[in-house]
Amino acid sequence: MSFYSDMAAEASTLLVEFGESVTLKYTTGGTVDPVAGTVTGAAQSIVANGYPGEFNKNEVDQTNILSTDVRLILEKTAVIPAPNHLIELGGKDYRVINNRQIGLTSDNVINIVQLRL
């Protein structure tokens, strides 16, 4: 295992202990209709561990980051969260607005995901 793989495993262990279970929902295959805003294809989901929190006040600009957005620290998953994926958190589906991977390009440790209702 590499250093970053070890760090990803450690982060996952900590998120299991101190975080909560979340479900990443996304669609594979199919087509996107940008006018209607619909996606056809096979619905997929991954259960992972994350730690939800708020963005710092100096990060909130009410344009790119809203005061109601959630900052989710998410363990490394087989699928990288992308805009318009959904993450179920606390019984509510949040839309992924942005995702920042922490680690090397080829060796992700965790994801910092911006979520919006």
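Note that the structure is predicted; figures quoted are calculated from it, not measured.

Caption draft 1: Just the environment of E75, in detail. Relative to the helices and strands, E75 is located in strand 5 (residues 70-75). Measuring from C-alpha to C-alpha, the distance between E75 and V60 comes to 24 Å, with 15 residues separating the pair along the chain. Beyond its immediate chain neighbours, meaning those up to four positions away, E75 contacts S12, L15, A48, N49 and N111. Here S12 takes part through its side chain, which lies 2.4 Å from a polar atom of the side chain of E75.

Caption draft 2: Expanded view of helix 1 (residues 3-18). Here helix 1 is 16 residues long and its end C-alpha atoms lie 22 Å apart, about the 22 Å a rise of 1.5 Å per residue gives. Along helix 1, the residues classified as buried are A8, A11, S12 and L15. In an axial view of helix 1, the angular spread of the buried residues amounts to 105 degrees, which keeps them on one side of the axis. Facing away from the buried side of helix 1, by more than 90 degrees, are the exposed residues F3, E17 and F18. Looking at the packing, one finds that the buried side of helix 1 touches strand 1 (20-28), strand 4 (42-53), strand 5 and strand 8 (107-116).

Caption draft 3: Inspection of a nonpolar patch on the surface at higher detail. A cluster of nonpolar side chains, contributed by L14, F18 and Y51, occupies part of the molecular surface with about 320 Å² of accessible area. The class of L14 is partly exposed, set by a relative accessible area of 40%.

Caption draft 4: Just the sheet that holds strand 4, in detail. Ordered in space as 1-4-5-8-7-6, the 6 strands form a closed barrel in which the pairing is antiparallel. Within the sheet, the average angular offset between the axes of one strand and its neighbour, ignoring direction, is 45 degrees. Pairing of strand 6 (residues 86-89) with strand 7 (residues 92-104) involves 4 bridges; the strand directions are antiparallel. Each bridged residue has a counterpart across the sheet, and for L86 the counterpart in strand 7 is R95.

Caption draft 5: How the structure looks around the pairing of strand 4. Note that strand 1 and strand 4 share 9 bridges and pair antiparallel. If you follow Y26 over to strand 4, its bridge partner there is Q44. Pairing of strand 4 with strand 5, which is carried by 4 bridges, proceeds in the antiparallel orientation. Bridge pairing in strand 5 places P52 opposite L72.

Caption draft 6: Inspection of unusual backbone geometry at higher detail. In this structure, Q62 takes a positive phi of about 60 degrees despite not being glycine. With respect to the element layout, Q62 can be found in the loop between strand 4 and strand 5.

Caption draft 7: Representation of the side chain of N49 in the model. Tracing the backbone through its elements, the reader meets N49 in strand 4. A relative accessible area of 18% means that N49 is categorised as buried. Apart from the residues lying within four places of it in its own chain, the contact partners of N49 are L15, V16, E20, S21, I73, L74 and E75.

Caption draft 8: Representation of the side chain of D69 within the structure. Along the chain, D69 turns up in the loop between strand 4 and strand 5. For D69, the side chain forms a polar contact with the main-chain nitrogen of L66, separated by 3.0 Å. Of note is the side chain of D69, whose polar atom sits 2.7 Å from the side chain of Q114. Discounting chain neighbours no more than four positions away, the residues touching D69 are F55, N64, Q114, L115 and R116.

Rules of the game
Residue positions are counted from 1 within each chain, in the order its sequence is given. The predicted nature of this model means local features are confined to residues of pLDDT at least 70 and side-chain atom pairs, given and counted, to a pLDDT of 80 or more, with totals for whole chains, interfaces and linings taken over all residues. Neither water nor hydrogens contribute to the side-chain values; these are computed over all heavy atoms in the structure. Numbering of helices and strands runs from the N terminus; a helix is a DSSP stretch of H or I covering at least four residues, while a strand is a stretch of E covering at least two. When checking whether two residues touch, look at their non-hydrogen atoms; a contact exists if any pair is within 4.5 Å. Polar contacts, as counted here, are pairs of nitrogen or oxygen atoms within 3.5 Å of one another; within protein the pair requires one atom able to donate a hydrogen and one able to accept it, and residues that are adjacent in sequence qualify only if both atoms are side-chain atoms. One less than the number of residues in a helix, times 1.5 Å, gives the span that helix is expected to have. Between buried and exposed lies partly exposed: a residue is buried under 20% and exposed over 50% of the maximum accessible area for its type, with that area taken using a 1.4 Å probe on protein chains only. As used here, the arc is the angular range of directions from the helix axis to the C-beta atoms. Grouping into patches uses exposed residues only, defined as over 30% relative accessible area, and leaves out salt-bridged ones; the cut-off is 9 Å for like charges and 5 Å for nonpolar side chains (Val, Leu, Ile, Met, Phe, Trp, Tyr). The accessible surface values rely on the Shrake-Rupley method and a 1.4 Å probe; as for residues, cover is taken only from the protein chains in view. One speaks of a salt bridge when a side-chain nitrogen belonging to Lys or Arg is within 4 Å of a carboxyl oxygen belonging to Asp or Glu. A pair of strands is considered paired only if DSSP assigns at least 2 bridges between the two. The axes are straight lines fitted to the C-alpha atoms, using for helices just the contacting stretch, and the angles between their N-to-C directions are given from 0 to 180°.

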